[in-house]
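Understanding the architecture of this molecule
What follows is each chain in one-letter form.
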Amino acid sequence: MVAAEVRAGAGQPEGTSPAKGKVLLVAGTHGNELNAPWLFDAWQRDPSRRPACDLELVLAIGNPAARAAGRRYLERDLNRSFDPDRLADAGSRELEVDRARQLLADHGPAGADPCLVAFDLHSTTASMGNSLVVYGQRPADLALAAGLQGRLGLPIYLHEADAVQTGYLVERWPCGLVIEVGPVPQGVVQPAILQQTRLALEAALAVLMEARAGQLQLPRQLVLHHHLCSLDLPRHGDGAPRGVIHPRRQGRDWQPLHPGDPLFLSEAGETLAYDPPAGLGLDPVWPVFINEAA
Ligand SMILES: [Zn+2]
């Protein structure tokens, strides 16, 4: 966890005009996360239910085919399909890569109906409450996240320098972040999750309106949780899990984990303690996406 100073005025990407920028809202990037798409459907049926805001909003379902099938994705994760190299590779014809190309052609910064900011609305089975995921350290993203943290106190997961996971949707827009809400099972709509999603989105739009008016209120400090690594379950030689998340760790996202704390429970009922991977040292870490179904 790192606290960083925030400078007012850092929120406007160079060479862009926020006054003219549309805002892209994406729901259902993962087809089995149903809460944000449920809101979009309600707003399409009755636009008066949309969040009150004088920004021009463009709503898109990220992966309609996966949503229809009730699956996270069909051929590859759409939210790992936005690598510029992959998008430019004519040989990459997976359904999700083509969908990424279509979203960019429609609403990318150089698309037919261009948007400058993208909010990608997700849910998680982990007990993370409302949180933000920011990819890399673009000043505009950090300013937006700081404005939201100042309003709602949301924790921010800064995902960067992970060679295994790349190609996130919001990275292709000049400014954007992911709003994660949980816990909710995949394929389930719950009123509290709908409300949390709406609250975070309303706050995000309020921050953008402040920024456009030149009145962005930023907290003095920005607290970031840096991605360190992904920890897998303990496994047998054949790859089968030989343990589960320890009951004393389940549901404790955003809470510190110290070396020696219970982390897994083996098949034999033995507690397996957190043993820091090489390079992490003995400092506590703050686990997120604990036991996430995906
Ligand atoms: Zn998701």
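Residues numbered from 1 in each chain as written. Predicted model: local features only at pLDDT ≥ 70, side-chain atom pairs only at ≥ 80, totals over all residues.

Before going further, it helps to spend a moment on the overall build of the protein. The helix and strand tally for the protein stands at six helices and eleven strands. Taken over the C-alpha trace, the protein has a radius of gyration of 19 Å; the compact-globule value for 294 residues is 19 Å, and the two agree within 12%. Once the C-alpha set of the protein is aligned to its principal axes, its extents read approximately 60 × 45 × 40 Å. Counting all 294 residues of the protein, 37% fall into the buried class. For the protein, contacts bridging at least 24 residues in sequence account for 73% of all contacts bridging at least 6. (Helix = DSSP H or I, 4+ residues; strand = E, 2+ residues; numbered from the N terminus. Rg over C-alpha atoms; globule rule 2.2 N^0.38 Å. Buried ≥ 20, exposed ≤ 12 C-beta atoms within 10 Å, placed from the backbone. Contact = placed C-beta atoms within 7 Å.)

Glycine aside, the phi torsion of most residues is negative, and most peptide linkages are trans. The amide bond that connects Gly-182 to the next residue, Pro-183, takes the cis arrangement and shows omega of 5°. Structurally, Pro-183 can be placed in the loop between strand S7 (175–182) and helix H6 (191–212). Phi is positive for Phe-289, close to 55°, though the residue is something other than glycine. Tracing the backbone shows Phe-289 in the segment after strand S11 (271–273). Its identity as a non-glycine residue notwithstanding, Asn-291 has a phi of 60°, on the positive side. The residue Asn-291 is located in the segment after S11 in this model. Owing to 16 C-beta atoms within 10 Å, Asn-291 belongs among the partly exposed residues under this scheme.

With that settled, the discussion passes to the pairing of strand S5 (residues 129–135). Counted residue by residue, S5 has five buried out of seven residues, so it is predominantly covered. With five bridges connecting them, S5 and S7 associate as antiparallel partners. Within S7, the position partnered with Ser-131 by the bridge is Glu-180. Examined bridge by bridge, S5 and strand S6 (residues 156–159) share four bridges and lie parallel to one another. Within the sheet, the bridge partner assigned to Val-134 lies in S6 and is Leu-158. Remark: the S5/helix H5 (residues 139–152)/S6 crossover connection has right-handed handedness. (Pairing = 2+ DSSP bridges. Right-handed = clockwise from strand over helix to strand, strands pointing away.)

A word on the domain arrangement of the protein. Domain annotation for the protein reports domain 1 (2–226) and domain 2 (233–278). A separation of 31 Å is found between the C-alpha centroids of domain 1 and domain 2. (Domains from an automatic or database assignment.)

Ordered by their spatial adjacency, three strands build an open sheet running S9-S10-S11, and the pairing between neighbours is antiparallel. On the outer flanks of this sheet lie strand S9 (243–245) and S11, each paired with one strand and no other. Neighbour-to-neighbour, the strand axes of the sheet open up by a mean angle of 35°, direction not taken into account. Where S9 and strand S10 (residues 262–266) come together, three bridges link them in antiparallel fashion. The partner of Gly-243 across the bridge, within S10, is Ser-266. (Axes fitted to C-alpha atoms, helices over the stretch in contact; angles between N-to-C directions.)

Moving on, we come to the packing of helix H1 (residues 35–45) against H6. The contact between H1 and H6 brings their axes to 9 Å, and the two run at 75°. One way to sum up the angle between H1 and H6 is to call them roughly perpendicular. Of the residues in H6, those in contact with Asn-35, Ala-36, Trp-38 and Leu-39 of H1 are Ile-193, Leu-194, Thr-197 and Arg-198. (Parallel < 35°, antiparallel > 145°, perpendicular 65-115°, else oblique.)

For helix H4 (residues 95–107), built from 13 residues, the straight-helix expectation of 18 Å at 1.5 Å per residue is met to within 8% by its first-to-last C-alpha distance of 18 Å. Among all positions of H4, only Glu-96, Val-97, Arg-99, Ala-100, Leu-103 and His-107 are buried. Across the axial projection of H4, the buried residues extend over an arc of 160°, all falling on one side. Of the surrounding elements, those touching the buried residues of H4 are strand S2 (22–27), strand S3 (57–61), helix H3 (84–88) and strand S4 (115–123). (Expected span 1.5 Å × (residues − 1). Arc of directions from axis to C-beta.)

Another point: H1. Looking only at H1, the buried set comprises Asn-35, Ala-36, Pro-37 and Leu-39. Tucked inside the fold, the buried residues of H1 contact S2, S3, helix H2 (64–69), S4, S7 and H6.

Here the focus is the pairing of S10. The pairing of S10 with S11 spans three bridges and is antiparallel. Bridged to Phe-264 within S11 is Leu-272. As consecutive antiparallel partners, S10 and S11 are separated by four residues, and within that stretch Gly-269 has a phi angle of approximately 85°, a positive value.

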